[in-house]
Amino acid sequence: MRLDIISIFPEYFAPLDVSLIGKARERGTLDVRVHQLRDWAHDVHKTVDDTPYGGGPGMVMKPEVWGEAIDTVIGAPGEAPPPRMIVPTPSGRPFTQELAQELAGEPWLLFACGRYEGIDSRVMAEYSARLRVDEVSIGDYVLAGGEVAVLVMVEAVGRLLPGVLGNAQSAVDDSFAPGSMRNLVEGPVYTKPPVWRGHEVPAVLLSGHHGNVARWRRDEAIRRTVRNRPELAAALDPETLDKHDRKLLEELSFRLQPEDMAN
Ligand code: ADE
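To keep things clear, this report deals only with the structure shown in the data block. Since we're looking at a predicted model, the values are computed, not measured.

**A closer look at the packing of helix α7 (residues 210–228) against helix α9 (residues 243–251)**
Okay, so step 1: Contact geometry of α7 with α9 gives a least axis separation of 11 Å together with a crossing angle of 40°. Relative to α9, the element α7 lies oblique. Here α7 and α9 pass one another in a crossing that is right-handed. For the pair α7 and α9, the contacting residues are R215, R218, D219, I222, R223 and V226 in the first and H244, D245, L248 and L249 in the second.
Okay, so step 2: Looking at the contact of α7 with α9, its residues break down into four nonpolar, one polar and five charged.

Written as structure tokens, this is what we have:
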């Protein structure tokens, strides 16, 4: 997969040399190219922003600079299939595991990092005619710029690429990954020693009984989802719940729709 990132702070992306993503780059699974936006600014001060039309606080990133940068990175029309463009912004669509999976299937992604109050909207309008452009938010909080959001997205997407994770099953077991534990967060995990500072590992995990272990893990996932993510628990599809799940939810005083409890 090829990844281009345009930013006024290329230094932010040093972590992409490290760990799983760094190794994927060394192996050639990931081809990451970080570009300095100011290279496409022509005045002595390398200006990339200006005051907003209509007034208000802050500055807006200039369309001409972004246009030249993106044109150069994507090449002439028709040269190669163009990248999918991602613009991190708190006003974008939510970044989810599902979107990460979708992006992991793309051959080429271009991330355009805005700072200040954002990028002049005509840039997204211009490229929407030529590429798939998504404005994406990583959560309901405001960062100082899109760089950290891009690091988050690159890590989430990168670890899904074939051969990036040592154990491919890890990505399958993830909270939010499609499958039987869909829409449940993962429960607690333990390793050796069996007793640490008086805290014991739950006996079932030492039992070697795979069926009981799976049942216990599912119960713990349900408990944790109810406790930490009640909105996810409320949205559970009753079709995916067995009798035991329903009984546990009842014990936790978590009420599904009454008609669903009847099944
Ligand atoms: N830029 C600033 N805040 C952001 C957020 N929450 N998600 C994506 N990009 C951002």
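**Considering the sheet that holds strand β7 (residues 133–137)**
Okay, so step 1: Taken in spatial order, the five strands of this open sheet run β2-β1-β6-β5-β7, and their pairing is parallel. Of all strands in the sheet, those with a lone pairing partner are β2 (31–36) and β7, marking the two edges. Each neighbouring strand pair of the sheet contributes to a mean axis angle of 30°, computed without reference to strand direction.
Okay, so step 2: Here six bridges tie strand β5 (residues 84–94) to β7, and the two strands are oriented parallel to one another.

**Some words on the pattern of salt bridges**
Okay, so step 1: Evaluation of the coordinates by the stated rule reveals 20 salt bridges.
Okay, so step 2: R33 serves as the salt-bridge partner of D31, at 2.7 Å between the closest nitrogen and oxygen.
Okay, so step 3: By relative accessible area, R33 is classed as partly exposed at 34%.
Okay, so step 4: Across the salt bridge formed by R223 and E220, the nearest N and O atoms sit 3.3 Å from each other. Note that R223 and E220 are positioned in helix α7 at a spacing of three residues, about one turn of the helix.
Okay, so step 5: When its relative accessible area of 18% is taken as the criterion, E220 is described as buried.
Okay, so step 6: Salt bridges sharing common partners tie together R84, R93, E102, E106, R132 and D134.

Reading the values: rules and limits
- Residues numbered from 1 in each chain as written.
- Predicted model: local features only at pLDDT ≥ 70, side-chain atom pairs only at ≥ 80, totals over all residues.
- Heavy atoms only, no water.
- Axes fitted to C-alpha atoms, helices over the stretch in contact; angles between N-to-C directions.
- Helix = DSSP H or I, 4+ residues; strand = E, 2+ residues; numbered from the N terminus.
- Parallel < 35°, antiparallel > 145°, perpendicular 65-115°, else oblique.
- Left-handed = near helix turned anticlockwise from the far one by under 90°.
- Contact = heavy atoms within 4.5 Å.
- Nonpolar A, V, L, I, M, F, W, Y, C, P; charged D, E, K, R; others polar.
- Pairing = 2+ DSSP bridges.
- Salt bridge = Lys/Arg side-chain N within 4 Å of Asp/Glu carboxyl O.
- Buried < 20%, exposed > 50% of the residue type's maximum accessible area, 1.4 Å probe, protein only.

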